[in-house]
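# Commentary on secondary and tertiary structure
Below, each chain spelled out in residue letters.
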Amino acid sequence: MVRFILTAVFTLSATVATAAIDIKTITSPGGINAWVVEEPSIPFVALEIRIRGGASLDEPGKRGATNLMTGLIEEGSGDMDAQAFQTKLESLAASFSYRAYDDTMSISAQFLTENKPEALALLKQSLTEPRFDQSAIDRVRAQVISGINSDEKNPNRIAGAFFDQAAFGDHPYGTNMDGTVESVTALTQEDMFTAHRNALTRERMFVSVVGDVTAEEVGSLLDELLGDLPAEGPPLPDDIDFGLAGGVTVIDYETPQSVALFGHAGIERDDEDFFAAFIINQILGAGGFESRLMEEVREKRGLTYGISTFLVPKFHAEMVLGQVASANDTIAQAIEVTRNEWARMANEGVTAEELDVAKTYLTGEYPLRFDGNGEIADIMVGMQMIGLPPEYVVNRNDYVEAVTLEEINRVASELLDPDALHFVVVGQPEGLVTSD
Amino acid sequence: MTRLLVAALTFFLPFAAQAEEAVTTFTLDNGMDVVVIEDHRAPVVTHMVWYKTGSADEPVGASGVAHFLEHLLFKATDNMESGEFSATVAANGGSDNAFTSFDYTAYFQRIAADRLELMMQMESDRMINLRITEEDVETERQVVLEERNQRTENNAGALAREQFVAALYQNHRYGVPIIGWKHEMEQLSLQDALDFYDLYYSPNNAILIVAGDVYPDEVRALAEQYYGVIPAEPNLPERIRPEEPPQRAERRITFVDPRVSQPYVTRSYLAPERDSGAQKEAAALVYLAELLGGSPFTSALGKALQFETQTAVYAGAGYRGSSLDDTSFGISAAPSEGVSLSEIEAAVDAVIADFKETPIDPAQMESIRAQLRASEIYAKDDVAGIARRYGTALTQGLTVADVQAWPQILQEVTAEDVKAVAVKVLNKDQAVTGWVVSSEEEAQ
C-alpha cells in the first residue's frame, strides 16, 4: 500500500499550445511535502531541496561556518574520504551541488534513472554522515580564504560589502556570509558539526522532483533520503529595517571603470502591491533593452554597457537595487541620468502604453520558463520557499493583468524615492565625492 | 479540469517520445543551411541565425568590427526603427540577444512557438536592409568601449589572458581579442561596419537553426518565404586564414597588476581542433583534460597538488575542441599560501612528466567514458543547448554528420590515444606560460 497523499494536481497550460506542466503535490508517509512533475521522456531525475536558514544561522563569532560546512559536504562522508566520495559520484555520472546562501541551504541533484538507488544512497550519505576531516577542512578553508582575499580587490564586491554593512549593520545581512579571514581561520571541526546540525533540518525544508520518476515512489524515496535529518532547527534571525540614508559614497580604487551599486528600501513579496512594484521595476530597469534606464543611459548616451535594477525581497528585509558601470570620467553623468529617471518614475509613473507592453512581455515570457526538467524543479522549489501555491502557475498571469495604471502610479510614488537612493561608487570617479 | 488535464497528457506524451534525436537539415536554393531540432515538451522555440564570420575574419586594423556590427544590427532597417526588433520580441513575450566569437556571429530569440514567423520576418529583414547612421556609430562605439572596460580593462585576469593569447598565436587572428584592441575600437567607422555587413551577412554565409516545438515542414515553408528570397553573395570569400608557422620556442610572460589578489600560473599549448571527418585527436584531448585536470579530487593535477602536497588551492586543465583553426589546451594552478609560482610551476611540470610516463588507470578512463555518455542524456533537457552545439559546429568547419558522430567518437577513445596526444600537445615549444601577480616581488 502506497501511503503517499496526492493532494492536488495543477496544470499550467501555456498561452499558445498544448503542452502542460502537471504539478502533483505529495506528502510522504514521514510528513515531507514535495511537488512532483512526472516527465519520463528523458531517463534522468532532477531533485531540488531548499532549507531556510542558511548562513543566517551562523553562531556569534562563527561567521562563515555555514558556508565552509557546505563546501565540505562533498569532501567525504560515511566510510569515504573526499576522493573516494568523488570517485563514486563520478562513476555514477550524477551531479550533486550544495550551496549556502544568506537565508537558504540549497541542494541540487541530477542522476540517471539507471543509477537512481545508488545515487540517492550516496546523496543521503553526504547529507547525513559528513566526516569533516581536518585535512578537508584545511584544504577548503584555504580556498575560501583565497576567495575572500580576491573579493577585497573586486570593485563589485567592494561596493556590495560596503552597501550591505551600511544598510544592515550587525544583522547577518550586514556581513559577507563567507566570513572574514580571521573568522574563517578560527573555525574548528566542532563548528562544522554544529553548523551542519543547524542548517540541515526537515523544518523549513522544501522539495521538488522532476523527471523520470512517479509521484507514488517520491514519498518513500524522500523519507529514506531525508528522514534521518533533525526535525527542527534553531530560530531564524529577526527582520531588519534598511538603514542606509540617501547619498553618495566614493571608495577610491585604481581601475579605469567605476562601478556603482545603488538602492533604497523595497517592498515585501507578499505585499498586495508587489505585482505593481514588479511591473514598475520591469519598466524602470529590469526589462533589458526595453527598460527606461537602458534607453537613457546606454542607447541614447552610450554611457554604459549595461544598467539594471532589481526588486530584492529577502526574508528579513526588502530593497530596490541597481547597478551600473561607466568609465571614471562618465560615471557621474550616468548617475545623474539614473537619479533623474528614478524621480521621473516616482513623480509621473508610467504611460498606459508602457504598462501594456510590460504586461504583454511578462505574461508571454512566463510559460517559456518551464522548458526543462532542471528549470521546472528550480521554479517549483522557489515557489514553495516564498509560500506560493501550485495554482500560482495558472493564476500568475492574471495577477499581472489585473494591475491598473492607477495602482502602478500610486505604488511608483510610494516605492521610489530619488532622495533616498544611496550610490556606492568604487573607482576613481570624476566629479563625485562622498556626501555628508 | 481533470478532463482537460487528461487531454493535455495524451497529446503531450507521443510528442515527447519523438523528441529524441529529431534533427532535420536541408539547404535553401540560395545556399542557406537550415537545421530543425524538435522538442515538443514545451511550446517554446529558439530561432537562431549564425553567420560563418567572426572576429578572426576581420580586416587588419579593424579589430572588434565583427562584434561592433553585432551591436549595430539592433538599430534601424528599411522596415524597422532603431530598437524596434528587440521591442517587438519583448512585446511578444520573448527575449533576444546575440553573441560574437572568433569564428561566428549569432543572433537568437526565444519565444512562444507560434511567433516563429514574425522572428523570421524580422531576422531576414536585417540580413539585407540594415540602415545604420553616423549617430548610431558614435553612440554604440561608446557602448562597446564600456563593454571592453567592464569585461577586460577592469579585470586583471582578463587583461592577462589577452596578453597570453596574443603570444600564443604568432600568425593567426585568434591572437587578437574578439572585442578588439582598444585603440582600434576607438577608430571603427560606419564604413568599416557596412563593408563587413555587405560582404558577410548573406544567406550563403548563414545557418538557420530552429529548435523547440516546431516541425520541419513548417520551418521549411517559412524559411523559403523569408530567407529563400534573399540573393546569395557572389563575392563571398573562401575562409582562408593565416596559419600558424611551426612554433619552435617556449614563451613566458609575467603580468603584473596590483588588482591581482591570488597569484597563479597558466599555460596554453597550441592544440588540434575538431576537424570534419577527423575528430579523434580532439576526442582524446577531451579525455586528457579530464584526466590531467578535470576534477580537483580525481585528476592528476588535483590529486598531486590539492591533496598529496597541498601546494595549490586550485589546479586544473581545460580544452575546447570547437574551433575552425588550431585551438589551445590550457592548464592553470594557484599556489597555496607560502608556495611560490616557480615551485608550483615545477610541481605542475612534474605531474605532466609523470603523466606521460605512467600508465593511465583503466577505471578512470571508464569513469570519464560513462560521464560523457551521461552528459548526452542530460543535454537532451536543454534544446537551446543542442541548438548551440549545431551552430558552433557548423560555423567551425564541421558537418551535421560530424556533430552526430561525436558522442560515439568520444566513447571509442583509448588510453593509447590519450597518451599519444599528451606527448604531441604537451610540448612547451608550442606554448605560452603566464604568471599573474600583483607585484614584481611576487614573481620572484
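Above this text is the structure in question.
We now turn to the structure provided with this report. If you're wondering where the values come from, they're calculated on a predicted model, not measured in any experiment. (Residues numbered from 1 in each chain as written. Chains lettered and ligands numbered in written order. Predicted model: local features only at pLDDT ≥ 70, side-chain atom pairs only at ≥ 80, totals over all residues. Heavy atoms only, no water.)

## Focus: the overall build of chain B
Our working rule: Numbering goes from the N terminus for both helices and strands, where a helix is a DSSP run of H or I of at least four residues and a strand is a run of E of at least two. The quantity called the radius of gyration is restricted to C-alpha atoms. Its globule counterpart is 2.2 Å times the number of residues to the power 0.38. Only protein chains enter the area calculation, which uses a 1.4 Å probe; residues under 20% of their type maximum are buried, those over 50% are exposed, and those in between are partly exposed. The contact rule is simple, with two residues in contact once any of their heavy atoms fall within 4.5 Å.
In terms of regular secondary structure, chain B is built from 16 helices and eleven strands. Its C-alpha atoms give chain B a radius of gyration of 24 Å, within 12% of the compact-globule value 22 Å for 444 residues. Each principal axis of the C-alpha distribution contributes one length, and for chain B these read about 60 × 55 × 45 Å. Of all 444 residues assigned to chain B, the portion counted as buried reaches 59%. Excluding contacts between residues fewer than 6 apart, the proportion of contacts in chain B whose partners are at least 24 apart in sequence is 81%.

## Notes on the side chain of Arg 41 of chain B
Residues and elements named next belong to chain B. Condition: N or O atoms closer than or at 3.5 Å make up a polar contact, with two conditions inside protein: a donor-capable atom paired with an acceptor-capable one, and, for residues adjacent in sequence, both atoms drawn from side chains.
Of note, Arg 41 is situated in the loop between strand S2 (33-38) and strand S3 (44-51). Residue class for Arg 41 comes out buried when judged on its relative accessible area of 8%. A polar atom in the side chain of Arg 41 sits 2.8 Å from the side chain of Asp 381.

## As for the sheet that holds strand S10 (residues 247-252) of chain A
All names here are of chain A. Note the threshold: When DSSP locates at least two bridges between a pair of strands, those strands are taken to pair. Axis definition: a line fitted to C-alpha atoms, limited for helices to the stretch in contact. Angles are taken between N-to-C directions and run from 0 to 180 degrees.
Here we have five strands laid out as an open sheet, ordered S10-S14-S11-S13-S12, and mixed in their pairing. Looking at the sheet topology across the chains shown, the edges are occupied by S10 and strand S12 (307-313). Across this sheet, the average inter-strand angle for adjacent strands is 15°, counted without regard to direction. Two elements, S12 and strand S13 (residues 318-327), share seven bridges in a ladder whose sense is antiparallel. Within S13, the residue paired with Leu 311 across the bridge is Val 320.

## Examining the packing of helix H9 (residues 274-286) of chain A against helix H14 (residues 392-402) of chain A
Residues and elements named next belong to chain A. Rules: We call two directions roughly parallel when the angle between them is under 35 degrees, roughly antiparallel when it is over 145, roughly perpendicular when it lies between 65 and 115, and oblique otherwise. Left-handed describes a crossing whose near helix is turned anticlockwise from the far helix through less than a right angle; right-handed describes the clockwise counterpart.
Where H9 meets H14, the closest approach of the two axes is 10 Å, and the angle between their N-to-C directions is 70°. With respect to H14, the element H9 is oriented roughly perpendicular. Crossing geometry of H9 relative to H14 is assigned as right-handed. Note on element contacts: H14 touches H9 through Tyr 392, Arg 396, Tyr 399 and Val 400, opposite Phe 275, Phe 278 and Ile 279.

## Quick look at the pattern of salt bridges
Residue and element names in this part refer to chain B. Note the threshold: We count a salt bridge whenever a side-chain nitrogen from Lys or Arg sits within 4 Å of a carboxyl oxygen from Asp or Glu.
Applying the stated criterion across every chain yields a total of 52 salt bridges over all chains. Among the salt bridges present, the one from Glu 123 reaches Arg 126, with a minimum N-O distance of 2.6 Å. Note that Glu 123 and Arg 126 are positioned in helix H4 (residues 116-128) at a spacing of three residues, about one turn of the helix. Judged by relative accessible area, Glu 123 falls into the buried class, the value being 0%.

## Examining the pairing of S2 of chain B
Residues and elements named next belong to chain B. Counting buried positions along S2 gives five out of six residues, so the element sits mostly inside the fold. Bridging between strand S1 (residues 23-27) and S2 involves five bridges; their strand directions are antiparallel. What sits directly across from Thr 25, in S2, is Val 35. With antiparallel pairing between neighbouring strands as the criterion, S1 and S2 make up a hairpin whose turn holds five residues, including Gly 31 at a positive phi of roughly 95°.

## Things to note about the nonpolar core
Residues and elements named next belong to chain A. Under the convention used in this document: Here the nonpolar core consists of buried residues drawn from Ala, Val, Leu, Ile, Met, Phe, Trp, Tyr and Cys, with membership extended through side-chain atoms lying within 4.5 Å. Residue ranges assigned to each domain were obtained from an automatic or database domain assignment.
One finds Ile 279, Met 345, Ile 408, Leu 415, Leu 416 and Val 425 to be the most contacted residues of the largest nonpolar core, which totals 67 residues. Of the residues forming this core, the biggest block, eight residues, is contributed by H9. Two domains each donate at least three residues to this core, and these are domain 1 (2-226) and domain 2 (247-427). Excluding anything up to four places from it in sequence, Val 425 contacts Val 248, Thr 249, Val 250, Ile 251, Ser 258, Val 259, Ala 260, Ile 331, Ile 335 and Leu 432. Core analysis: the next-biggest nonpolar cluster, separate from the first, contains 53 residues, Ile 49, Leu 72, Ile 148 and Val 209 among them.

## Quick word on the sheet that holds strand S6 (residues 206-212) of chain B
All names here are of chain B. Across the sheet, which stays open at both edges, the six strands sit in the order S1-S2-S6-S3-S5-S4 with mixed pairing between neighbours. What marks the edges here is a single partner per strand, and that holds for S1 and strand S4 (95-100). On average, adjacent strands in this sheet sit at an angle of 15° to one another, irrespective of strand direction. Across six bridges, S2 lies against S6 in parallel orientation.

## Points about a negative patch on the surface
All names here are of chain A. Spelled out, the test is: Distance thresholds for patches are 9 Å for like charges and 5 Å for nonpolar side chains (Val, Leu, Ile, Met, Phe, Trp, Tyr), applied to residues having over 30% relative accessible area and no salt bridge. A 1.4 Å probe and the Shrake-Rupley method give the accessible areas. Residues count as covered only by the protein chains that appear here. The charged-residue count follows a simple rule in which Lys and Arg add positive charge and Asp and Glu add negative charge, with His and chain termini not counted at all. Lys charges are placed at NZ, Arg charges at CZ, Asp charges at CG and Glu charges at CD.
Together, Asp 238, Asp 239, Asp 241, Glu 268, Asp 270, Asp 271, Glu 272, Glu 406 and Glu 407 make up a region of like negative charge exposed at the surface. Within the element layout of this structure, Asp 270 appears in the loop between strand S11 (257-265) and H9. Using a relative accessible area of 65% as the deciding quantity, one classes Asp 270 as exposed.

## Observations concerning the packing of aromatic side chains
The description of an aromatic ring pair rests on the distance of the ring centres and on the angle between the ring planes. Defined as follows: Here a Phe, Tyr or Trp ring, Trp counted by its six-membered ring, pairs with any other such ring whose centre lies within 6.5 Å, and the pair is stacked when the planes are under 30 degrees apart, edge-to-face when over 60, and tilted otherwise. For a lysine, the NZ atom is tested; for an arginine, the CZ atom; a charge sits over a ring if that atom is within 6 Å of the ring centre and within 35 degrees of the ring normal.
The tally for this structure, following the rule as stated, stands at 30 aromatic pairs over all chains. Residues Tyr 392 of chain A and Tyr 399 of chain A carry aromatic rings whose centres are separated by 6.0 Å and whose planes lie at 35° to one another, so their mutual orientation is tilted. According to the relative accessible area criterion, Tyr 392 of chain A is buried, its value standing at 8%. Taking relative accessible area as the criterion, Tyr 399 of chain A reaches 37% and is therefore assigned partly exposed. Ring geometry for Tyr 107 of chain B versus Tyr 201 of chain B: centroids 6.1 Å apart, planes at 70°, classification edge-to-face. In this pair, Tyr 107 of chain B is assigned in strand S5 (residues 105-112) and Tyr 201 of chain B in the loop between helix H8 (190-200) and S6, connecting sequence segments 94 residues apart. Accessibility assignment for this pair places Tyr 107 of chain B and Tyr 201 of chain B in one class, buried. Members of the aromatic cluster, joined through ring pairs, are Phe 289 of chain A together with Tyr 51, Phe 74, Phe 85, Tyr 107, Tyr 197 and Tyr 201 of chain B. Above the face of the Tyr 173 of chain A ring, Lys 314 of chain A is positioned so that its terminal group lies 4.6 Å from the ring centre. Above the face of the Trp 406 of chain B ring, Arg 274 of chain B is positioned so that its terminal group lies 4.0 Å from the ring centre.

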